[in-house]
Amino acid sequence: GVIPTPMWAKVDRDRGALLGLKEGELTRAMAEKIPLGRIGRTEEVAAGIVFFLSERSSFATGQVLTVDGGFNLANA
């Protein structure tokens, strides 16, 4: 998903430039395709990590947690 990190800033800048977009335009375009209507927050990704590090996930094995506001589901 789109999470405001230095890595995403580089994607926004470099891939956006390849698409002829100004800085920030790729992020806005992606946010419009996210069913929740916004980009994610780093805390939301961290919450998933904390879950898998906790005892609450003790019976979960081999799982992939997609934290993307529904982007992949809506754009498959």
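Residues numbered from 1 in each chain as written. Predicted model: local features only at pLDDT ≥ 70, side-chain atom pairs only at ≥ 80, totals over all residues. Heavy atoms only, no water.

Looking now at the packing of helix α1 (residues 6-18) against helix α2 (residues 25-32). Two elements in contact, α1 and α2, have axes separated by 8 Å at closest approach and are oriented at 105 degrees. By the criterion of interaxial angle, the relationship of α1 to α2 is roughly perpendicular. Residues Trp-8, Val-11, Asp-12, Arg-15 and Gly-16 of α1 touch α2, and the partners they reach there are Glu-25, Leu-26, Thr-27 and Met-30. Looking at side-chain class alone, the contact of α1 with α2 contains four nonpolar, two polar and three charged residues. (Axes fitted to C-alpha atoms, helices over the stretch in contact; angles between N-to-C directions. Helix = DSSP H or I, 4+ residues; strand = E, 2+ residues; numbered from the N terminus. Parallel < 35°, antiparallel > 145°, perpendicular 65-115°, else oblique. Contact = heavy atoms within 4.5 Å. Nonpolar A, V, L, I, M, F, W, Y, C, P; charged D, E, K, R; others polar.)

Here the focus is a nonpolar patch on the surface. A contiguous nonpolar surface patch, about 260 Å² in accessible area, is contributed by Phe-51, Phe-52 and Leu-65. Within the fold, Phe-52 resides in helix α3 (residues 42-53). (Patch = residues over 30% accessible without salt bridge, like charges linked within 9 Å, V, L, I, M, F, W, Y side chains within 5 Å. Areas by Shrake-Rupley, 256 points an atom, 1.4 Å probe, with all protein chains shown as cover. Salt bridge = Lys/Arg side-chain N within 4 Å of Asp/Glu carboxyl O.)

Summarising the element assignment, Ile-3 is placed in the segment before α1. Since its relative accessible area comes to 13%, Ile-3 is described here as buried. Residues Ile-3 and Arg-56, spaced 53 residues apart in sequence, show a C-alpha to C-alpha distance of 25 Å. Setting aside anything within four residues of it in sequence, one finds Ile-3 in contact with Trp-8, Gly-40, Arg-41, Thr-42 and Val-45. (Buried < 20%, exposed > 50% of the residue type's maximum accessible area, 1.4 Å probe, protein only.)

Once that is clear, we can look at the environment of Pro-4. Relative to the helices and strands, Pro-4 resides in the segment before α1. On a C-alpha basis, the gap between Pro-4 and Thr-42 in space is 7.2 Å, while along the polypeptide they are 38 residues apart.

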